[in-house]
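# Tertiary structure, described
If you want the building blocks of each chain, they are given just below.
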Amino acid sequence: MRAVVHRSRHLSTSETLEALVSSIRRPKSVPESPVIAQDFYGKILDDYPDLKTLKELHSRVFVDQQLRSNPSLGIKLMRAYAASGETKITRHIFDEMPEKNVVFFNVMIRSYVNNHFHYDALVLFKTMSSQGFQPDNYTYPCVLKACSASQNLWVGVQIHGAVLKVGLDLNLYVGNGLVAMYGKCDHLVEARRVLDEMPRRDVVSWNSMVAGYAQNVRFDDALEICREMELLRLKPDAGTMASLFPAVSYTSSDNVAYINEMFVNLTNRSLISWNVMIAVYVNNSMASEAVDLFLQMEECKVEPDAVTIASVLPACGDLSALLLGRRIHQHVERKKLRPNLLVENALMDMYAKCGCLREAREVFESMKFHDVVSWTSLLSAYGRSGEGRDAIELFEKMLDSGLSPDSVAFVSVLSACSHSGLLDEGKYYYKLMIEEHRIAPRIEHLACMVDLLGRAGKVDEAYSFVQRMPIEANERVWGALLSACRVYSNMDVGLIAADNLFQLVPEQSGYYVLLSNIYAKAGRWQDVTTVRSMMKARGIKKKPGISNVELNDSIHTFLAGDRSHPQSKEIYEELDVLVGKMKELGYVPETDSALHDVEEEDKECHLAVHSEKLAIVFAILNSKPGTTIRITKNLRVCGDCHTAAKLISKIAEREIVVRDTNRFHHFKDGFCSCGDYW
């Protein structure tokens, strides 16, 4: 007996289909025997022909009543149309078949699921059951996939109950579907229970569990599942890497090494595998490794997609790898990967981190849509470069656009005011944030205010602000206050700030350095010795100064006193020449800087061989005259190197852009954009 099936929202009348068929050109040569025709058409359909060929073939089947009602051809037509994304026509064929069985329902449900019509798939499943058709081991995995994609736990639990009744919970594919469904619906305990109770598990089973943890942002737990899987001698595959992607975040060095080993051992590296590995490096502050892997990816002829681009551009920015960043930008334009907010925000951020404000603004202005991240990225760029007025102008433009600034946007504008010494403006926006936008100050905003007051020389007022804060001051707050004390030689407040910092982060060498510098400026050399002794007694490790510079898609790294570079001989010879010219202009090495950076640069190295000086000279030797030099440094630039960079920019007639941990320094014609305050 033929079952009646309710039609979905994709259903149109048969007259519509006839009109479609009549508009299609008929094949010139077709077999006349229905049996031969069925075999002939079946073989064509098995290869999933292009849509034009498919419609031509369908027109012939449609006008032949015997072929039209043939269930085998009907199923093959449905599969072919489904593969082409034509769910409406697939449903036409389904509805017009005089006799149906469970296979027709399975194909139709799969068509909906594969084309993301998950609600329609679940409706058809319900209709199928109500009309007396018994779902089988092919039906349930598909319907569970629809539940996963739509996060429909209620239906998923009902299906679980149904498969238990008929014993299909022991089926591998049904079990995999249940694990995936529970994981996607945030029920990881149930997902793990299903996995543990499965009599047979394959890589997909474990990947589904990995995906469950990853989708719930439990990255380390997801990696533990990978390790457990390997203990059972199941080798992670590209699907495992893909499952990890949603949760990629900061993790331990051991985990990074483990993921890298997993990647290296993959038999087939899919694009998403490369994307995951690049993202892992970027999220764990391993920018050089991320860039190197991207270049390997290019060598392997794997074409990056928008996700790759959005992942690797932050690494380019971290390294000031402008040439590579520009080449990636060209790829984006060539492959028409815009408009795409993730890509465009990443491009803007890359240019901003490289100190290229003009290019960052051009990307911003060319965007069709802006979100808060877009505005905030450019705001931060202006702030870090000391362009506070431009940052304020942009912030006001953001307000005029109707977009409401969030907490992070206010951090950016307050920081910009701080870096540019705009005290009144900073106070105004702090008040605006609280009173008009009803945003409660977070520790980041409070730290900005302390920095703003401190940079303006109002150290005592800054300390009073700290005392009145509704939140307990953290390392960032006390660090900002201590930095202000160093600049303005406020010994009393400086000691209070240092004492709090030593309690909060006793292992952080930079704060010992700031305190020793305060003592040194006051001529209290015995106290300087005491600080050094304290560091030694506490086993405080030195953090070496590292500077990076890009040349022809390669990142060159220098340490203080570094002689490992192949061009070391030429670099030191040229540096001696430059130091001589600098002295002619009145340069005197700032020995206080050696004290200030006693733990940031090896004290035993002469000031002349600090890492940024070596990087600058290397760039001068290997680039054309007039080319801008871009350096990134992992520590605050010392006073001596700051003075030297100003003089070198004048002597070599180069613009030198240095990004340290605090801000950008744009050196040109003997001056710096920071106004000698950083």
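### Describing the pattern of salt bridges
All chains considered together, the criterion is met by 25 salt bridges. The network of salt bridges with shared partners includes R192, D196, R201 and E228.

### Digging into helix α20 (residues 322-334)
Between its terminal C-alpha atoms α20 stretches 18 Å, which fits the 18 Å expected from 13 residues at 1.5 Å a residue. As for α20, its buried residues are in contact with α18 (287-299), α19 (306-319), α21 (341-353), α22 (357-366), β1 (546-551) and β3 (629-633). Where α20 ends, the next residue or the one after it, K336, has phi of about 55 degrees, a positive value.

### Examining the nonpolar core
Core analysis: the largest hydrophobic core is formed by 176 residues, its most contacted members being I109, I159, F395 and L481. Counting residues in each nonpolar core, the second largest holds 33 residues, with I616, A619, I629 and C641 among its members.

### Some thoughts on the sheet that holds strand β2 (residues 554-559)
The six strands lie next to each other as β2-β1-β3-β4-β5-β6, forming an open sheet whose pairing is mixed. The open sheet has two free edges, formed respectively by β2 and β6 (671-672), since each of these has just one partner strand. The pairing of strand β4 (residues 656-659) with strand β5 (residues 664-668) spans four bridges and is classified as antiparallel. Directly across from I656, in β5, lies its bridge partner F667. Sheet strands in contact with helix α35 (residues 611-622) are β1, β2, β3 and β4, and its direction is about 15 degrees off that of β1.

### A few points about the confidence of the model for the protein chain
Confidence in the prediction of the protein chain, expressed as mean pLDDT, is 87, and 90% of residues score 70 or more. Overall, residues 1-28 carries pLDDT values under 50, and its contacts beyond four positions in sequence, including any with other chains, amount to 54 contacts. Across residues 594-605, confidence stays below pLDDT 50; counting only partners more than four residues off in sequence or on other chains, it has 44 contacts.

### Here we look at the packing of α22 against helix α23 (residues 372-384)
For any two helices packed against each other, the geometry comes down to the angle between their axes and how far apart the axes lie. Taken N-terminus to C-terminus, the directions of α22 and α23 make an angle of 165 degrees; their axes are 11 Å apart at the nearest point. One element, α22, and the other, α23, form an angle in the roughly antiparallel class. For the pair α22 and α23, the crossing hand works out as left-handed. Contacts between α22 and α23 pair L357, A360, R361 and F364 from the former with S374, W375, L378, A381 and Y382 from the latter. Here the contact of α22 with α23 is built from residues that sort into seven nonpolar, one polar and one charged.

### Regarding the packing of aromatic side chains
Applying the stated criterion across every chain, the model contains twelve aromatic pairs. With a centroid separation of 6.2 Å and an interplanar angle of 65 degrees, the aromatic rings of F125 and Y140 are classed as edge-to-face. In this pair, F125 is assigned in helix α8 (residues 118-130) and Y140 in helix α9 (residues 139-150), connecting sequence segments 15 residues apart. Classification of Y140 by relative accessible area gives buried; the value is 3%. Ring plane angle 80 degrees and centroid distance 5.2 Å describe the contact between F395 and Y429, whose orientation is recorded as edge-to-face. Taken together, the residues span a long stretch of sequence, with F395 in helix α24 (residues 388-400) and Y429 in helix α26 (residues 423-435) at a distance of 34 residues. The class of Y429 is buried, set by a relative accessible area of 3%. Here the aromatic residues F395, F410, Y428 and Y429 are joined through ring pairs into a cluster of three or more. Between the NZ or CZ atom of R269 and the centre of the ring of F263, over which it lies, the distance is 4.6 Å. Lying over the aromatic face of Y572, R563 brings its terminal NZ or CZ to 3.8 Å of the ring centre.

Definitions and limits used
- Residues numbered from 1 in each chain as written.
- Predicted model: local features only at pLDDT ≥ 70, side-chain atom pairs only at ≥ 80, totals over all residues.
- Heavy atoms only, no water.
- Salt bridge = Lys/Arg side-chain N within 4 Å of Asp/Glu carboxyl O.
- Helix = DSSP H or I, 4+ residues; strand = E, 2+ residues; numbered from the N terminus.
- Expected span 1.5 Å × (residues − 1).
- Contact = heavy atoms within 4.5 Å.
- Core = buried A, V, L, I, M, F, W, Y, C linked by side-chain atoms within 4.5 Å.
- Buried < 20%, exposed > 50% of the residue type's maximum accessible area, 1.4 Å probe, protein only.
- Pairing = 2+ DSSP bridges.
- Axes fitted to C-alpha atoms, helices over the stretch in contact; angles between N-to-C directions.
- pLDDT = per-residue confidence, 0-100.
- Parallel < 35°, antiparallel > 145°, perpendicular 65-115°, else oblique.
- Left-handed = near helix turned anticlockwise from the far one by under 90°.
- Nonpolar A, V, L, I, M, F, W, Y, C, P; charged D, E, K, R; others polar.
- Phe/Tyr/Trp six-rings, centres within 6.5 Å; stacked < 30°, edge-to-face > 60°.
- Lys NZ or Arg CZ within 6 Å of the ring centre and 35° of its normal.

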